[in-house]
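Survey of secondary and tertiary structure
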Amino acid sequence: MIEVLMVLGAVPGRVAVLTDALEQFRSLGVTVRVATTFDPAQKIPAATELAEVHLLPTAKELGPRFGRMIKRANPGRRPWLRAQRDPWVRRHAKRADVLVALDAQALHTVWQLAQRHRRADAVYGIAPALRAVEKRAADPTRYRRPRLATVGPSPAVLASATRSQTVDLAKRVFEASTGQKAMTLSPLRWFWHRAVAAPGVPERFRGRIAKRVHRSMHLAGHKSSANQLALAAQGRLRSATTKGHLLGPIVEAELNQGKLPEHLMTVAKGQLKVADGFLKKRNPGKAAPHVLRAFDLMFHRIAHFDGVSSPLAEDPGGFLAPLHRSEVGKALATPHGRRAPAEFPPAGRPHRMLFFTGLNDNFIGSIISRYEAMPGVEVRRLNLVEESIRPVLSNGRTNLVHHMLAGTSKRAEEVQEAWGDHVAWADTVFVDWCNLPAAMLTMIDPGAARVIIRLHSFEAFSWWPHLTDWSRVDDVVFVSEHLRDFTLAAVPRLRAPQGPRTHVLTNAMELHRYAVPKPSADARFTLGLIGLSSLAKDPRWALAVLRELRRRDERYRLKLIGDDLRASLSPAVRAYVAQLDAELAELEPSGAVVRTGRTEDVPGALTDVGVILSTSVRESFHCGLVEGAASGAVPVVRDWPFFAGRPHSARNLFPSDWVVSTPEEAAERILAVTASEETWREAGRSAASHVLSTWDWSVTQKDFDRLLLEPPAGTD
């Protein structure tokens, strides 16, 4: 009796053809068996009545290792990986006279079986199978005694099997020697430390081995050893992507500990490299998550906000060069422009101004009030916290990245629908803070409206300026020259031909409110520091000044005005607060330091303050200092380290005798100006006169009038 073994790699398109063939085989007295990769009872129930049908073992039945092999294999090899370990297939393939591949996915399986059982005919398709059966039935004696050449598997199969077993053994040894259990043994850790850093190892193997061993060491509890291995391996790697993947866990762990990682930018470059690869394949959707991850690393608060130094402040152009040089950076910097230039409002109707409000209005209240009260100006506010507006801002950064990489997006249409009528109404759109709303505004064409964005210190150290299409912004306002210098270095497309005009206008400050008398002569011994809510204020520097003063005269004390620094902001802030609290615990019991907390009456809190401090590591302007000076307190300004030594800094913003470099210099200035009541009051009057005549809103409002009400005259 002739036996046939068929293999089905996929559900047949026409089941009736298969059943007809099985009926023909049955009429010829042929025994037919069918191996399938799918459930035959559900997909080909009629065939199960005409032949013995068998489902090949699933990946789950074969175990996790073979399951992973099947998942990684191409579709043509998957049926064979399931069949080669199936006893049913081995048994019936050995007895079969004809082996039949019924579809393309079964071809490799039948070829492999034919190499092992060479006495059988191997064919592709039903018609060739019928012919092979008929041929055998017509001359059975020819096939009764097999030729010597067809006995046993072919030499190629034997060689392949030997090679496969050797590779399989090598894989098993590798997995065992690099697993978690193996990493508990110090000799193996020692071996892999040297192996991953050995010269001559191919890049793809070095990176793969290092990642696996690094993870196993971590799981085994040897984190320090794992990190040393990763650092040793990355020194031999050339690929930025591989380096980034390998060092990623180290960088994450250090950030979580509040440390600035040495290899922060290595990992960020790796993410940018992966994103660049997806962009080249025109797949911005897959590139976007890697861009977001790179942003999270480059602009992490540990790097720039929760410490007394910043790599971005030290070298803005160099630090961000990997972003600007990448394909991602070029895509983000692509200008979309506007269909027509902004138009100055025609005569005969009010100048229409649209202000974005609702998120942080601390510095814009006086500006809006002025133009709401001004004849010939019509003001409208777009409140960004309204229920109708908030959905447009949801998941904003992700949507912005997708939009800028793809050049278009559905979110841009939603912004147009939500804000378009307001922008079309306006002659001038003013957005305070270059953050999410400002960036999202540039997703749409502003039409004839003139767009003005004011950028403060915080945003300059964030990703928002890099997600803003500056070709759709007409003017950018900075509150100081040093902030403008820094931002132009960090965001070079602000200097592009299609970039905006840039201006320096100080904040709108009602300084005359702070000119309150200081009745007590002893006020000259009280130092004041306004605002403690960010680590950038560095109040420990103020304590260093206080200790230096009290070493000479214990009458000096420090008054801290404002909310305390929140330790929960990050591990780095927590560590700083712990040091600050320890110092305060020494000074507060004696009355050397007084904390008032938050107050709505800052002018009243300043009546007993004779010296106002600015101890920050960075400031764009420092309103609190100027408010203190307006009250008659003598200003003492630390030369803000983020900007010190540059063409513009605190030394250019304020009179030179206000600025000092060290706590010792600060103490010397304070001792000199407070040596007598007369000296102190004269220095205070001079400081108050300077700030009131230079920065009071009654003076600076004219600068805003020129910016907002007069036709643009170019860059200031």
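Refer to the structure presented above.
Since we're looking at a predicted model, the values are computed, not measured. (Residues numbered from 1 in each chain as written. Predicted model: local features only at pLDDT ≥ 70, side-chain atom pairs only at ≥ 80, totals over all residues. Heavy atoms only, no water.)

Moving on, we come to the packing of helix 15 (residues 264-280) against helix 16 (residues 284-298). Angle between the axes and distance between the axes are the two parameters that describe a pair of packed helices. Running from amino to carboxyl end, helix 15 crosses helix 16 at an angle of 165 degrees, the nearest separation of the two axes being 8 Å. Judged by the angle between their axes, helix 15 and helix 16 are roughly antiparallel. Handedness of the crossing formed by helix 15 with helix 16: left-handed. Residues Leu264, Met265, Val267, Ala268, Gln271, Leu272, Val274, Ala275, Phe278 and Leu279 of helix 15 touch helix 16, and the partners they reach there are Pro284, Lys286, Ala287, His290, Val291, Arg293, Ala294, Leu297 and Met298. Considering only residue class, the contact of helix 15 with helix 16 consists of 15 nonpolar, 2 polar and 2 charged. (Axes fitted to C-alpha atoms, helices over the stretch in contact; angles between N-to-C directions. Helix = DSSP H or I, 4+ residues; strand = E, 2+ residues; numbered from the N terminus. Parallel < 35°, antiparallel > 145°, perpendicular 65-115°, else oblique. Left-handed = near helix turned anticlockwise from the far one by under 90°. Contact = heavy atoms within 4.5 Å. Nonpolar A, V, L, I, M, F, W, Y, C, P; charged D, E, K, R; others polar.)

So, about the pairing of strand 10 (residues 475-478). Residues Asp475 and Val477 line one face of strand 10 and the alternating positions Val476 and Phe478 line the opposite face, and both faces are buried. The sheet contact formed by strand 10 and strand 11 (residues 501-504) spans 4 bridges and is parallel. Among the inter-strand pairings, Asp475 is bridged to a residue of strand 11, identified as Arg501. Crossover connection from strand 10 via helix 28 (residues 481-490) to parallel strand 11: handedness right-handed. (Buried < 20%, exposed > 50% of the residue type's maximum accessible area, 1.4 Å probe, protein only. Pairing = 2+ DSSP bridges. Right-handed = clockwise from strand over helix to strand, strands pointing away.)

Attention now moves to the environment of Gln416. Counting through the fold element by element, Gln416 comes out in helix 25 (residues 410-425). Sequence separation between Gln416 and His263 is 153 residues, and the spatial gap between their C-alpha atoms is 41 Å. For Gln416, the contacting residues outside a window of four places in its chain are Asp421, Ile444 and Asp445.

A positive phi angle, close to 60 degrees, is found at Arg282, a residue other than glycine. Within the secondary structure layout, Arg282 lies in the loop between helix 15 and helix 16. Of note, the phi angle at Asp538 is positive, near 45 degrees, even though the residue is not glycine. With respect to the secondary-structure elements, Asp538 resides in the loop between strand 12 (526-530) and helix 29 (539-550). Overall, the relative accessible area of 6% leaves Asp538 in the buried class.

Here we take up the nonpolar core. Among the nonpolar cores identified, the biggest contains 123 residues, and Phe295, Met298, Leu405, Trp419 and Phe654 are the most heavily contacted of them. Considering each element in turn, this core owes the most residues, 8 residues, to helix 16. Ignoring any residue separated from it by four or fewer positions in sequence, one finds Trp419 in contact with Phe356, Leu382, Leu384, Ile389, Val392, Leu393, Pro437, Met440 and Leu441. (Core = buried A, V, L, I, M, F, W, Y, C linked by side-chain atoms within 4.5 Å.)

This brings us to the sheet that holds strand 11. On the basis of which strands lie adjacent, the open sheet formed by 6 strands has the order 7-6-8-9-10-11 and parallel pairing. Where the open sheet ends on each side, the last strands, each with one partner, are strand 7 (377-383) and strand 11. Geometrically, the sheet is characterised by an average inter-axis angle of 20 degrees between neighbouring strands, direction not taken into account. Taken strand by strand, helix 28 contacts strand 9 (450-455), strand 10 and strand 11, and its axis lies near 150 degrees from that of strand 11. Its contacts with the sheet place helix 36 (residues 697-709) against strand 6 (351-357), strand 7, strand 8 (428-432), strand 9, strand 10 and strand 11, and it is angled at close to 145 degrees to strand 9.

Further remarks concern helix 28. For an α-helix, 3.6 residues make a turn, and residues three or four places apart therefore share a direction. Taken across its 10 residues, helix 28 has 7 buried, putting it largely inside the fold. Of the residues making up helix 28, those classed as buried are His482, Leu483, Arg484, Phe486, Thr487, Leu488 and Ala490.

So, on to the pattern of salt bridges. Between side chains of opposite charge, a pair can form as their charged atoms come close. Throughout the structure, instances matching the rule amount to 40 salt bridges. With a shortest N-O distance of 3.9 Å, Asp445 and Arg339 are connected by a salt bridge. One end of the pair, Asp445, is in the loop between helix 26 (436-441) and strand 9; the other, Arg339, is in the loop between helix 21 (327-332) and strand 6, with 106 residues separating them in the sequence. Here Asp445 falls in the buried class, since its relative accessible area comes to 14%. Judged by relative accessible area, Arg339 falls into the exposed class, the value being 74%. Three or more residues are tied together by salt bridges with common partners; here these are Glu3, Arg33, Glu52 and Arg95. (Salt bridge = Lys/Arg side-chain N within 4 Å of Asp/Glu carboxyl O.)

A contiguous patch of positive charge on the surface is contributed by Arg68, Arg72, Arg212 and Arg215. Those elements that place two or more of their residues in the positive patch are helix 4 (64-72) and helix 12 (203-219). Along the chain, Arg215 turns up in helix 12. (Patch = residues over 30% accessible without salt bridge, like charges linked within 9 Å, V, L, I, M, F, W, Y side chains within 5 Å. Areas by Shrake-Rupley, 256 points an atom, 1.4 Å probe, with all protein chains shown as cover. Lys, Arg positive; Asp, Glu negative; His and termini not counted. Charge placed at Lys NZ, Arg CZ, Asp CG, Glu CD.)

We now examine the packing of helix 12 against helix 13 (residues 223-234). Between helix 12 and helix 13, the least distance of the axes is 8 Å, while the angle of their chain directions is 170 degrees. Of the possible angle classes, the one that applies to helix 12 and helix 13 is roughly antiparallel. Here helix 12 contributes Arg206, Ala210, Val213, His214, Met217 and His218 to the contact with helix 13, which in turn contributes Lys223, Ser225, Ala226, Asn227, Leu229, Ala230 and Ala233. Grouping the amino acids of the contact of helix 12 with helix 13 by side-chain chemistry returns 7 nonpolar, 4 polar and 2 charged.

Inspection of the secondary structure puts Ala342 in the loop between helix 21 and strand 6. In sequence terms Ala342 and Val473 are 131 residues apart; their C-alpha atoms lie 9.6 Å from each other. Residues contacting Ala342, with those up to four places away along its chain left out, are Ala448, Ala449, Arg450 and Asp474.

The subject of this paragraph is the side chain of Arg33. Relative to the elements of secondary structure, Arg33 occurs in strand 2 (residues 31-36). With relative accessibility at 9%, the residue Arg33 sits in the buried group. Here Glu3 takes part through its side chain, which lies 2.9 Å from a polar atom of the side chain of Arg33. In contact with Arg33, not counting residues within four places along its chain, are Glu3, Val4, Leu5, Met6, Glu52, Trp88, His92 and Arg95. (Polar contact = N/O pair within 3.5 Å; in protein donor to acceptor, adjacent residues only side chain to side chain.)

A separate point is the sheet that holds strand 5 (residues 121-124). Judged by pairing direction, the sheet is parallel, and its 5 strands sit side by side in the order 3-2-1-4-5 without closing on themselves. Each end of this open sheet is capped by a strand with a single partner; those strands are strand 3 (52-55) and strand 5. Across the sheet, the mean angle separating the axes of adjacent strands is 20 degrees when strand polarity is ignored. Direction of pairing for strand 1 (residues 3-8) relative to strand 4 (residues 98-101): parallel, over a ladder of 4 bridges. Looking at the pairing, Val7 lines up with Ala101 of strand 4. Against the sheet, helix 7 (residues 107-116) touches strand 1, strand 4 and strand 5, its axis set at about 160 degrees to strand 4.

So, about the state of the cysteines. Counted under the stated rule, the structure contains 0 disulfides. Free of any disulfide, Cys623 has its nearest neighbouring cysteine sulfur in Cys434, separated by 18 Å. Owing to a relative accessible area of 13%, Cys623 belongs among the buried residues under this scheme. (Disulfide = S-S within 2.5 Å.)

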